Amino acid sequence: MQSETSIAGTDDLTLMQQVAAHDAMALETLYDRYSSTLLALCMRVLHRRDQAEDVLINVFWEVWNRAERYNPARGAPLTYLMTLTRCRAIDRHRRIGATPTTSLDAQEYPTESVQTEADNPLNQAACAEQRVRIQAAISHLSAPQRMTIELSFFEGLSHVEIAEKTKLPLGTVKSHIRLGLIQLRDSLRNEDEAAKDLS
Amino acid sequence: MAVSDITDAEQSPLRAHVASGCPRCAGRLAEAQSVYEQIGLSLPPITPQDSVKSRLMDKVRATPANAAAAAAPSAVVAPVAAASSTAAATPYKLPPAGVDGAARARAPAAAPRATAPVGRMWFYVPMISSAALLLISAMLFYGYFNAYGNYRRARKNQRQHNRQLAMQAAAWQKKYQAAKAGWQSKFAAENASLKRVQSQMRLLTTPHLKLAALHVPKGPAAMHATMLYNSAQHVCFFSAKGMKAPPAGKIYEVWLITKKQVKIRAGIFGVGPGGTVNMMAHVPANIHDISLTAVTIEPAGGVAQPTGAIQLLGKVLKMPNGV
């Protein structure tokens, strides 16, 4: 068994492998690293802390029991955790009937605790920098693009449901989402290239 | 971008195309998915309460699978490690519907998925294995005893069948032996009869045959007899009809009388039903001149020389060409 000090610097993929091997310390490390990010997502969907924390526990419990379902070819462990958390939170939201907000503005997010999730200062700074970049990329989206993307992402609505809810034509909804994601991708790509140039 | 956000009619060709292994589309889809999921990272983090972590880790450490798996982690790590090593070469696969939020979103609100605790599963593994072993053992024992019982029953039936066959064979053999004995007896009788007839035929066809017709010298003519005499074979055949039964203590006796009045005893006979008599007698080889034959009544057992009255008498005549 690895010591707590040595496992803290382990990369996400190795942690997932160790969780698949039912290493409780690896799961604890993974929790320390991403529980804040995942809880924020849960809070964004559910707007109830008790429900959000309950979903958070269920997500890590599912990771503990079914870590072998994670396929590295599909994406990074954080992407897997985000997808899993979003799905479980939306499921819970649909059951309890909570009404989320429909804005991506950072000011509307619950901010009673803004401590970072990273397990060391370097990761802490990297996560914060990444968050700022994403927020900047989102800020460049048009209002309809942000709204349709938010409805799709945080409420899990399909294109048809978004069209019904926003009273927009289905083709327009598809165009907003498609163009918004392309713009978001390009913005993040440009941000990555700029960061590489600076480094 | 979640694939499930598009309609089913749009999903099927896309999923089929990506599943076919197109690297360009798989890469673009993975990139879109990555961009889509990064939206969640834009949210300011919220640190959960300490009790949340305690609840989770207590739950995790309470499972026996934790200790069991920690003893041998490499066995479970292997699939993920292998997937990791082949990640670059593996075509992008669409996330399972259960992980995709949009797919969940379109589905009606369902009950929370019951997640089976790993510890409980590990607890049931030895029980299920033992039950399976017991079941297999019981099936094997049942099969063995059933097969052994069938074997014993078949063996018993075979023995009984063999006994029946043996008894039947014995009965058939007994019947065959009886029939064989009967046939042999009958054959012997017929053979004897045939030989007798052949002998009689030879006797009748020989030129040495002589004939005597015997009559009652002083009595009713109803009682008469015939005698054939083969001088070459020294044998004579006597046949009589209408003979009366001899008096009590008496018996008929046949005599051959030569020209020199030597009386030779040929044999004795009683009288059967109907008064018929058939008998054969050997004649001494040194006797050749028999001229008469007679039948007298003598004391029972016969006598060496005739003492009683003559009942039948006849002259022996030579037949010119035989019969």
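We now turn to the structure provided with this report. (Residues numbered from 1 in each chain as written. Chains lettered and ligands numbered in written order. Predicted model: local features only at pLDDT ≥ 70, side-chain atom pairs only at ≥ 80, totals over all residues. Heavy atoms only, no water.)

Residue and element names in this part refer to chain A. Under the counting rule described, the total for this entry stands at 9 aromatic pairs over all chains. Relative to Phe60, the ring of Tyr31 lies with its centre 5.1 Å away and its plane at 65 degrees, an arrangement referred to as edge-to-face. Of the two residues, Tyr31 is situated in helix α3 (residues 24–46) and Phe60 in helix α4 (residues 49–66); the sequence distance between them amounts to 29 residues. Relative accessible area serves as the criterion here: at 3%, Tyr31 is assigned to the buried category. On the basis of an interplanar angle of 50 degrees and a centroid distance of 5.2 Å, the ring pair of Tyr70 and Tyr80 is categorised as tilted. Taken together, the positions of Tyr70 in the loop between α4 and α5 (77–96) and Tyr80 in helix α5 put the pair 10 residues apart, joining distant regions of the chain. Using a relative accessible area of 13% as the deciding quantity, one classes Tyr80 as buried. (Phe/Tyr/Trp six-rings, centres within 6.5 Å; stacked < 30°, edge-to-face > 60°. Helix = DSSP H or I, 4+ residues; strand = E, 2+ residues; numbered from the N terminus. Buried < 20%, exposed > 50% of the residue type's maximum accessible area, 1.4 Å probe, protein only.)

It is worth spelling out a positive patch on the surface at this point. On the surface, B:Arg152, B:Arg155, B:Lys156, B:Arg159 and B:Arg163 cluster together to form a positively charged patch. If you trace the backbone, B:Arg163 turns up in helix α7 (residues 118–205). (Patch = residues over 30% accessible without salt bridge, like charges linked within 9 Å, V, L, I, M, F, W, Y side chains within 5 Å. Areas by Shrake-Rupley, 256 points an atom, 1.4 Å probe, with all protein chains shown as cover. Salt bridge = Lys/Arg side-chain N within 4 Å of Asp/Glu carboxyl O. Lys, Arg positive; Asp, Glu negative; His and termini not counted. Charge placed at Lys NZ, Arg CZ, Asp CG, Glu CD.)

Looking now at helix α3 (residues 50–61) of chain B. Residues and elements named next belong to chain B. For α3, spanning 12 residues, the distance from its first C-alpha to its last is 16 Å, which sits close to the expected 16 Å at 1.5 Å a residue. Buried residues of α3: Val52, Leu56, Met57 and Val60, and no others. Buried residues along α3 cover an arc of 115 degrees about the axis, so they all sit on one side. Away from its buried face by more than 90 degrees, α3 exposes Asp50 and Asp58. (Expected span 1.5 Å × (residues − 1). Arc of directions from axis to C-beta.)

Residues and elements named next belong to chain B. With 3 bridges joining them, strand β1 (residues 209–214) and strand β8 (residues 310–318) adopt antiparallel strand pairing. Opposite Ala212, over in β8, you have Val316 as the bridge partner. Bridge analysis of strand β7 (residues 290–299) against β8 gives 5 bridges, and the strand direction is antiparallel. Within β8, the position partnered with Thr296 by the bridge is Ile310. (Pairing = 2+ DSSP bridges.)

Another point: the pairing of strand β6 (residues 277–282) of chain B. All names here are of chain B. Residue alternation in β6 divides its side chains into a buried set, Val277, Met279 and Ala281, and an unburied set, Asn278, Met280 and His282. Bridge count between strand β3 (residues 235–241) and β6: 6 bridges; the pairing is antiparallel. For Ser239, the partnering residue across the bridge sits in β6 and is Asn278.

Here we come to the nonpolar core. Among the nonpolar cores identified, the biggest contains 62 residues, and A:Val19, A:Leu30, A:Phe60, A:Val63, B:Ile39 and B:Leu56 are the most heavily contacted of them. In terms of residue count, the dominant contributor to this core is α3(A) (14 residues). Apart from residues lying up to four places away in sequence, A:Leu30 is in contact with A:Leu15, A:Met16, A:Val19, A:Ser35, A:Phe60, A:Val63 and A:Leu81. Ranked by size, the runner-up nonpolar core spans 27 residues in total, among them B:Leu214, B:Val216, B:Met223 and B:Val254. (Core = buried A, V, L, I, M, F, W, Y, C linked by side-chain atoms within 4.5 Å. Contact = heavy atoms within 4.5 Å.)

Residues and elements named next belong to chain A. Here Gln51 shows up in helix α4. On the basis of relative accessible area, Gln51 is assigned to the buried category, the value being 14%. Discounting residues that sit within four places of it in the chain, Gln51 has contacts with Leu46, Arg92 and Ile96.

Residues and elements named next belong to chain B. Strand order in the open sheet formed by 8 strands is β5-β4-β7-β8-β1-β2-β3-β6, with antiparallel pairing between adjacent strands. For this open sheet the edge positions go to β5 (263–269) and β6, each flanked by a neighbour on one side alone. Averaged over all pairs of adjacent strands, the angle between strand axes in this sheet comes to 20 degrees, irrespective of strand direction. In this sheet, strand β2 (residues 224–230) lies alongside β1 in antiparallel orientation, the contact comprising 6 bridges. Across the sheet, the residue bridging to Leu209 is Asn230, located in β2. (Axes fitted to C-alpha atoms, helices over the stretch in contact; angles between N-to-C directions.)

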